[in-house]
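Residues per chain, in single letters:
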Amino acid sequence: MPELVHLTVGGKALVVPPAITIVQAIHTAGEDLSDNVGCMGQGVCGSCRCMVVRRDSGSVTFELACETLVEDGMQVNFVDYLEPALRRQYPVDTTDDEQRRVRLDQIFPEAKHCRHCGGCDDICPRDIEVEQLVNLAVEGKFSEASRLFDYCVMCNLCTLTCPENIAPNHVGLYARRAVAATQSSSTDLRLRLGELAISASDFDPFESDHNDGSSAGSA
Amino acid sequence: MNHGIPYQAAYEAYLRAEKRQNPREIEKDSLLRAFHPDYRADARTRLKVGPNRGDECPVELAPLLQSAAIVSNRDFATAEVITTDVLVIGGGGAGCAAALSAAEHGASVILATKLKLGDSNTVMAEGGIQAAVGMDDSPRQHFQDSLKVGHYRSDRGLLAQLVSDGPAVIQWLIDLGVQFDVENDAAGKKTFRRKRGGGATVPRILSFRDFTGLEMMRVLREAVYLEPKITTWNRCPAVELLTDDDGECVGAIVYDLNAEKFVAVQATTVILATGGSGRLHLNGFPTSNHYGATADGMVLSYRVGARLREIDSFQYHPTGLAYPAYLAGMLVSEVVRSLGAKLLNGLGERFTDELLPRDLIAAAILRECAEGRGVEIEGQIGVFLDTPRLAAAKPGIFETDLISLAHATKRCAIDVRTTPLIVHPTLHYQNGGVAIDGSGRTDVAGLLCVGEVSGGVHGRNRMPGNSLLELFSFGRRAGVYASRVAGQRKVRRAGIGHIDRWHKELASAGLPLDLKGPALFPSYGNVRIAGTETLADSVQVGIALANLEI
């Protein structure tokens, strides 16, 4: 029998086996879990982000509970998922960086107020250079901003922590969506859509198959 | 429990396996019958009530399909009533596509989801989406490949619609702001980067690195949040459908987990986009699925009379992680094999073509494990996925293409560039589901199903990349259909009269009335709906946790 691990989650003391994740520890301890949980280990949904304090450590780190292993003496608190008060629809139809920049300033006027405190960089569980991303977008360098933002899981922690209300991850997503419009020019896709516009379907799905080896028909 | 070759001996054999022989030929039908979990004799039972009475169904799913309702007449009588044109249940790719399309065409939409918007299998999709955009390809070829992979059991009309929608779906996603990998072709023209999925005759999978689903979901989620005609309700699982006196669907009852109360939503159309059922851990398998994949939509649909199809057919993805135990079941994307990684047993031998359809590879791996040629490490059994030799052949591939994999394995201190992974099939996808037509309509008027909850497109084995395409092909069509009928269909008195009739059926078939569904959460989630008990306890606990040997 391996030595048990003692930790607290949301103030509740749990005693669990070692070598399991925080999410698995909650399950194992018989606690209910209907929130702050999602992809269960892949680390892509951002739902299980939590504050972690380790024994003998004076600092708080932000981690994903589905990919962090339990440690003795660990304290864990989930962070509520708050939606930013952000209701500004925007089109993503232009390929001109200057137009995109002007639009960014209309949608996210706070973005230019970054005070370079680094709070967003510190809090990001994916180690994204969030502050750099915001500043690149403000300068109109959307392709570079978009690339920096590749790994974001939209956990919203940077939005929660920004003293200027910038909503950095939403700025990043704006940059990505803006850049996506540029790829519409893929020639293959345009040609195929053109073909399909002329003839919606180029085959009869009910024609017999030369290789219909299956014994049973459709259910 | 099977035993395999101890890790150290297997690893030494792996190191010696420099020269790769071709795998021996297999007889496909007998391999599936002998080793695919769908064919296990003790895995199935016959349904006793409902539209599919007499059909075979997994033993873990049958009690849920034949479960009693969670809500009582009193719950319904005291529930707040809210009215909308379209009620979408589920916040993954299909639900978002349906909601966006319905709103775009003028309907008011409530999107209710069990966890929070975007929490779904969609966000976890790694490989990509199939669409016949290449000039060496055609929708017809896409159709034929898919039909064959699905063992000729797909609904041909639905499948033809799916493949024909492919290119337009890609354009729709791009217009929303989704990025795909592009490259320059031989002539220097920009074109989509395409990968070949198992069973495909040409490369047809479009992707964004190896986290295509994340790229799609974060854009869709933002688009839904920013759309004023869509109201999103997080933490509001559907627990029952509403019907009128003719048995047509006119809404649903959701349970608000924050407020701990039931809410009745009247709608001209209900679109179920609740996903699959991997968290039922069929046959005790680990799963690659999201926490919310508990078959809720199928259970609700069945209870009001919607017919299901191919519910005895599930996809076990060949390569789930087998080690370490706490990550058991986590997906290792097919892209790894698509790019050239081989599978080796504990003797260092190849035993299958790595790009066959998924059901065959999964069965081949299970055969190796069952016959003692697996790799055994700390009680876990699997086979090697030869990532080091892929890294040697394609330097830098784990920094550019296989980022998710490198990220996941870094956490468990495995460097995939030097250490082969140990993989084992993981429960991945529900091939069947609620029978639908081209707009997602079920046998029950007013009730539409889209995405994994629906059945018919994939036959008995889904082709890689067709699931993401299905979400948007059918999600958009259902949304457009729902917006069209929004002004026409008159919603009559909504009630839960079907529950009494259902409970009588259960009782006369000798089935228990104290097993309630849908399950909503996996059994180990320990979630209780106020004042009721869900079926969770009777559903098998996942192997991932059982393996912890507590």
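Everything here concerns the structure above.
Summary of the structure given here. Note that the coordinates shown come from a computational prediction; the quantities given were computed from them, not determined experimentally.

1. Looking at the packing of helix H2 (residues 97-107) of chain A against helix H7 (residues 168-180) of chain A
Residues and elements named next belong to chain A.
Inference 1: Packing of H2 against H7 brings their axes to within 11 Å, and their N-to-C directions diverge by 150°. By the angle between their directions, the pair H2 and H7 is classed as roughly antiparallel. Between H2 and H7 lies a crossing whose hand is right-handed. Here Arg100, Arg103, Leu104 and Ile107 of H2 come into contact with H7, specifically with Val171, Tyr174, Ala178 and Val179.
Inference 2: For the contact of H2 with H7, a count of residues per class yields 6 nonpolar, no polar and 2 charged.

2. What to know about the environment of B:Arg204
Residues and elements named next belong to chain B.
Inference 1: Tracing the backbone shows arginine 204 in the loop between strand S10 (194-195) and strand S11 (205-206).
Inference 2: Given the relative accessible area of 0%, arginine 204 is considered buried.
Inference 3: Sequence-wise, arginine 204 and alanine 132 are 72 residues apart; in three dimensions their C-alpha atoms are separated by 6.0 Å.
Inference 4: Residue contacts for arginine 204: discarding those within four places in its chain leaves Ile129, Gln130, Ala131, Ala132, Asp137, Gln141, His142, Asp145, Arg194, Lys195, Arg196 and Met463.

3. What about the interface of chain A and chain B?
Inference 1: If you look at the interface, chain A gives 74 residues, while chain B gives 81 residues.
Inference 2: Here chain A and chain B share an interface that buries about 7,000 Å² over both sides, 53% of which is from carbon and sulfur atoms.
Inference 3: Broken down residue by residue, the surface that chain A buries against chain B is led by A:Gln42, A:Gln183 and A:Arg192, which jointly contribute 10%.
Inference 4: If you look at where chain A meets chain B, you find 4 salt bridges.
Inference 5: Linking B:Glu215 and A:Arg176 is a salt bridge whose minimum nitrogen-to-oxygen distance equals 3.1 Å.
Inference 6: Our count for the chain A to chain B interface comes out at 29 residue pairs in polar contact (both at pLDDT 80 or more).

4. Examining unusual backbone geometry
Residue and element names in this part refer to chain B.
Inference 1: Residue proline 324 is bonded to the preceding tyrosine 323 through a cis peptide linkage, with omega at 0°.
Inference 2: As for its placement among the helices and strands, proline 324 is situated in the loop between strand S17 (314-321) and helix H10 (335-338).
Inference 3: In the segment running from glycine 517 into proline 518, the intervening peptide bond is cis, with an omega of 5°.
Inference 4: Looking at the element boundaries, proline 518 is found in the loop between strand S25 (516-517) and helix H17 (543-546).

5. Description of helix H6 (residues 139-149) of chain B
Inference 1: Of the positions making up H6(B), those classed as buried are B:Pro139, B:His142, B:Phe143, B:Asp145, B:Ser146, B:Leu147 and B:Val149.
Inference 2: Buried residues along H6(B) sit against helix H8 (187-198) of chain A together with strand S7 (129-130), helix H7 (156-176) and helix H15 (466-486) of chain B.
Inference 3: B:His151 occupies a position one or two residues after H6(B) and carries a positive phi of about 55°.

6. Quick look at the sheet that holds strand S22 (residues 433-435) of chain B
Residue and element names in this part refer to chain B.
Inference 1: Reading across the sheet, the 3 strands line up as S16-S22-S24 and stay open at both edges, with mixed pairing between neighbours. Either end of the sheet is taken by a strand with one partner, and the two such strands are strand S16 (308-309) and strand S24 (454-455).
Inference 2: Here S16 runs beside S22; their pairing, made up of 2 bridges, is antiparallel. Among the inter-strand pairings, arginine 309 is bridged to a residue of S22, identified as glycine 433.

7. Some points on the packing of aromatic side chains
Inference 1: Scanning the model with the defined rule gives 16 aromatic pairs over all chains in all.
Inference 2: Measuring from ring centre to ring centre gives 6.1 Å for B:Phe180 and B:Phe192, while their planes differ by 90°; the resulting arrangement is edge-to-face. Remark: B:Phe192 occurs in strand S9 (residues 190-192) and B:Phe180 occurs in the loop between H7 and strand S8 (182-184); sequence separation between them is 12 residues.
Inference 3: Judged by its relative accessible area of 4%, B:Phe180 falls in the buried class.
Inference 4: According to the relative accessible area criterion, B:Phe192 is buried, its value standing at 3%.
Inference 5: Taken together, A:Tyr90, A:Phe108, A:Phe142 and A:Tyr174 form an aromatic cluster joined through their ring pairs.
Inference 6: The ring of B:Tyr14 has B:Arg389 lying over it, and the distance from NZ or CZ to the ring centre is 4.5 Å.

8. A short note on the pattern of salt bridges
Inference 1: A complete count under the given rule lists 44 salt bridges over all chains for this structure.
Inference 2: For B:Arg209, the salt bridge goes to A:Asp150, with nearest N and O atoms at 2.2 Å. Placement of the pair is B:Arg209 in the loop between S11 and helix H8 (212-226) and A:Asp150 in the loop between helix H5 (142-148) and helix H6 (157-161), with the two residues belonging to separate chains.
Inference 3: We classify A:Asp150 as buried; its relative accessible area is 4%.
Inference 4: Linking B:Arg303 and B:Glu240 is a salt bridge whose minimum nitrogen-to-oxygen distance equals 2.7 Å. Placement of B:Arg303 in helix H9 (residues 296-303) and of B:Glu240 in strand S13 (residues 238-243) is noted, with a sequence separation of 63 residues between them.
Inference 5: It is possible to trace a salt-bridge network through shared partners that takes in A:Asp150, A:Arg176, B:Arg209, B:Glu215 and B:Arg218.

About the thresholds
- Residues numbered from 1 in each chain as written.
- Chains lettered and ligands numbered in written order.
- Predicted model: local features only at pLDDT ≥ 70, side-chain atom pairs only at ≥ 80, totals over all residues.
- Heavy atoms only, no water.
- Axes fitted to C-alpha atoms, helices over the stretch in contact; angles between N-to-C directions.
- Helix = DSSP H or I, 4+ residues; strand = E, 2+ residues; numbered from the N terminus.
- Parallel < 35°, antiparallel > 145°, perpendicular 65-115°, else oblique.
- Left-handed = near helix turned anticlockwise from the far one by under 90°.
- Contact = heavy atoms within 4.5 Å.
- Nonpolar A, V, L, I, M, F, W, Y, C, P; charged D, E, K, R; others polar.
- Buried < 20%, exposed > 50% of the residue type's maximum accessible area, 1.4 Å probe, protein only.
- Buried area = accessible area lost by both parts, 1.4 Å probe.
- Salt bridge = Lys/Arg side-chain N within 4 Å of Asp/Glu carboxyl O.
- Polar contact = N/O pair within 3.5 Å; in protein donor to acceptor, adjacent residues only side chain to side chain.
- Pairing = 2+ DSSP bridges.
- Phe/Tyr/Trp six-rings, centres within 6.5 Å; stacked < 30°, edge-to-face > 60°.
- Lys NZ or Arg CZ within 6 Å of the ring centre and 35° of its normal.

Nothing here speaks to function; it is all geometry.
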